[in-house]
Amino acid sequence: MDYVQEFINLVDGAKLMALMAMIFANLALGLAVAIKLGKFDLKQIAGFLSSRVLPYVLGYFSIGLVAVVEPSFRMAVPVVWWLILATLVGAIVANLRELGIEIPGWPKILSPS
């Protein structure tokens, strides 16, 4: 198996689609919060993408690349995916709370604030 195919097998599929969906949900909710608070600025979207989205995607792809070169890092790919996913869930919950939407059963100790 060549390196490109191995890389695609490691990072592609349901994990990548879920990651993209969570990033999009976080972006959409963040925009909704900014509009609600009257702080929407189109110029800040690029800043958000470069400071919040790009590190997640590059980090995930980077660990996938390292796992292709050094197979002992294969278990790091799902670990990094879960860490990114947990971070995005926390950001989404924070945005929902800013919009006044509470999630039933969400423990207050896990509140991202």
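Preceding this paragraph is the structure being described.
Figured I'd write up the structure that's included with this text. This structure is a prediction, so every number in the text was calculated from the model and none was measured.

How each quantity is defined
- Residues numbered from 1 in each chain as written.
- Predicted model: local features only at pLDDT ≥ 70, side-chain atom pairs only at ≥ 80, totals over all residues.
- Heavy atoms only, no water.
- Patch = residues over 30% accessible without salt bridge, like charges linked within 9 Å, V, L, I, M, F, W, Y side chains within 5 Å.
- Areas by Shrake-Rupley, 256 points an atom, 1.4 Å probe, with all protein chains shown as cover.
- Salt bridge = Lys/Arg side-chain N within 4 Å of Asp/Glu carboxyl O.
- Helix = DSSP H or I, 4+ residues; strand = E, 2+ residues; numbered from the N terminus.
- Buried < 20%, exposed > 50% of the residue type's maximum accessible area, 1.4 Å probe, protein only.
- Expected span 1.5 Å × (residues − 1).
- Contact = heavy atoms within 4.5 Å.
- Axes fitted to C-alpha atoms, helices over the stretch in contact; angles between N-to-C directions.
- Parallel < 35°, antiparallel > 145°, perpendicular 65-115°, else oblique.
- Left-handed = near helix turned anticlockwise from the far one by under 90°.

## Concerning a nonpolar patch on the surface
On the surface, I35, F40 and L42 cluster together to form a nonpolar patch covering roughly 330 Å² of accessible area. Relative to the assigned elements, F40 resides in the loop between helix 2 (14-37) and helix 3 (43-69). Using a relative accessible area of 40% as the deciding quantity, one classes F40 as partly exposed.

## Quick word on helix 4 (residues 76-98)
With 23 residues, helix 4 extends 33 Å between its outermost C-alpha atoms, agreeing within 8% with the 33 Å of an ideal straight helix rising 1.5 Å per residue. Where helix 4 is buried, its residues touch helix 1 (3-11), helix 2 and helix 3. Note on helix 4: the residue one or two positions beyond its end, G100, has a positive phi of about 85°.

## Describing the packing of helix 1 against helix 3
For the pair helix 1 and helix 3, the least separation of the axes is 9 Å and the interaxial angle reads 130°. With respect to each other, helix 1 and helix 3 are oriented oblique. Crossing of helix 1 over helix 3 shows right-handed handedness. Listed contacts from helix 3 to Y3, E6, F7, L10 and V11 of helix 1 are Y60, F61, G64, L65, A67 and V68.

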